[in-house]
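Overview (structure and organization)
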Amino acid sequence: SVKTWNGLTSSDWSSVSNWATDNSVPDADDIVYIRNAIRNPEISANEEIEDLVLKSGAELDVLFDGSIIVNGDFTNSGVVTLNSQSDQFSSIVVDGTSTGEIVYKRFVADEGADEWDLIGSPVEGLSIDDFVTSNTNLADHNSQHGIGVFSNDGNIDTAAAMYTNYTTSSVSDAGDFVSGQGYSMATDENFSPGTTLDFTGSVLTTDVSEIGIDDNSSGAPVFGKWNLVANPFPSYINANTNANTNDNFLSVNEANLHSAFAYIYGYNENGSFDVYNQFDSAVYIAPGQGFFVASDDSSGNTISFTKDMRTVSGSDDFIAGDLEEKLEIILKLLHGVEEIEETTLCFESGLSLGLDIGYDAGNF
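A quick note: this is a predicted structure, and the numbers were derived from the prediction, not measured. (Residues numbered from 1 in each chain as written. Predicted model: local features only at pLDDT ≥ 70, side-chain atom pairs only at ≥ 80, totals over all residues. Heavy atoms only, no water.)

**Quick notes on unusual backbone geometry**
In this structure, the amide linkage connecting Ser 192 to the following residue, Pro 193, adopts the cis form with an omega of 5 degrees. Inspection of the secondary structure assignment puts Pro 193 in the loop between strand S19 (183–185) and strand S20 (194–201). Of note, the phi angle at Glu 210 is positive, near 60 degrees, even though the residue is not glycine. (Helix = DSSP H or I, 4+ residues; strand = E, 2+ residues; numbered from the N terminus.)

**Some details on the packing of aromatic side chains**
This model, assessed by the stated rule, comprises 18 aromatic pairs. Within the aromatic cluster, the residues linked to one another by ring pairs are Phe 150, Tyr 163, Tyr 267, Phe 273 and Phe 292. The ring of Phe 261 is capped by Lys 225, whose NZ or CZ atom sits 4.8 Å from the centre of that ring. The ring of Phe 233 is capped by Arg 310, whose NZ or CZ atom sits 5.8 Å from the centre of that ring. (Phe/Tyr/Trp six-rings, centres within 6.5 Å; stacked < 30°, edge-to-face > 60°. Lys NZ or Arg CZ within 6 Å of the ring centre and 35° of its normal.)

**Describing a nonpolar patch on the surface**
A surface patch of nonpolar side chains, about 360 Å² in accessible area, is lined by Ile 329, Leu 331, Leu 345 and Phe 347. Checked against the element boundaries, Ile 329 lands in strand S30 (residues 328–335). (Patch = residues over 30% accessible without salt bridge, like charges linked within 9 Å, V, L, I, M, F, W, Y side chains within 5 Å. Areas by Shrake-Rupley, 256 points an atom, 1.4 Å probe, with all protein chains shown as cover. Salt bridge = Lys/Arg side-chain N within 4 Å of Asp/Glu carboxyl O.)

**Comments concerning the pairing of strand S25 (residues 273–276)**
The pairing of strand S24 (residues 264–267) with S25 spans 4 bridges and is antiparallel. Each bridged residue has a counterpart across the sheet, and for Ile 264 the counterpart in S25 is Tyr 276. (Pairing = 2+ DSSP bridges.)

Structural data, given as structure tokens:
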């Protein structure tokens with residue numbers, strides 16, 4: 001059936017009195033029309049419909065704790081905004097065609113000590129120059145913008161040297177964000193601990209494949225095998241088998257990753273990296289979340305983000321670090337009272353004494 005929004009009583013999508021047709025809330029079989037109304041609809045739960053059509057002048061907000069699945073087509077002539085905060089990210093999944101743009105207000109940490117974020121664009125077709133121009137809360141120092149490109153080429157031996165930030169002169173030639181590529185990014189420290197940046201573009205509805213990764217260890221022995229990638233969808237994706245048995249990032253890409261580092265390396269707020277692998281309970285990668293993967297192929301290889309990985313499950317990103325508890329022992333190497341390094345021993349039945357790819361993780 002067809003459901004039309006009128007917004008007569010509130011902005012609450014789930015309130016039956018806001019819908020003109022048969023006084024009921026849309027479900028997975030309904031075609032939904034949003035027109036310019038007294039009040040604009042807001043989604044704060046998980047909603048599922050067939051088609052979504054926004055007319056000119058109409059607005060829809062998906063709040064940070066909301067999500068929407070469109071099983072059919074999405075047609076937008078109005079304004080659709082997805083919201084997030086430091087530990088909650090909204091999602092939209094479109095299984096059919098998508099016409100028009102959305103604005104994803106993606107939370108990004110500020111430029112304080114160890115607080116830069118790894119971020120990719122959760123929309124398609126966004127110019128980096130336009131992004132810098134429209135986001136005045138992006139970090140900006142000495143004509144260098146708070147967005148940088150990672151490189152594992154050359155004789156790089158410090159973390160800072162891995163990134164090249166766009167400048168006032170170089171950003172005009174930067175082109176569009178590359179879907180599936182990660183970037184270093186930070187907001188101005190006046191917005192501590194961070195704030196949202198606007199990503200305006202279309203909803204990606206197809207697989208993103210052929211994302212190049214390689215191993216340049218011969219020229220950069222410290223960081224050469226590492227590659228910065230990112231979830232290109234405006235929704236969460238499944239990271240491991242406990243999130244989804246087959247349609248998850250690690251299972252789809254395991255064969256093309258470094259066998260001893262076939263994991264997801266997520267930057268956290270402590271200036272270090274957490275490892276996410278097949279041992280973990282269900283792990284979901286937030287919209288636009290960047291992370292590192294390792295390659296052992298000097299001639300180059302590729303990874304993919306498939307549309308079947310998309311999900312509206314998940315509630316956090318890597319920098320907030322809400323890992324579930326698991327059976328483990330942590331060994332720490334100390335020099336006096338200073339911690340030099342640590343390693344974690346996890347326990348799972350059915351594993352071997354050798355290398356279990358996807359479970360045993362090399363250190364970043």
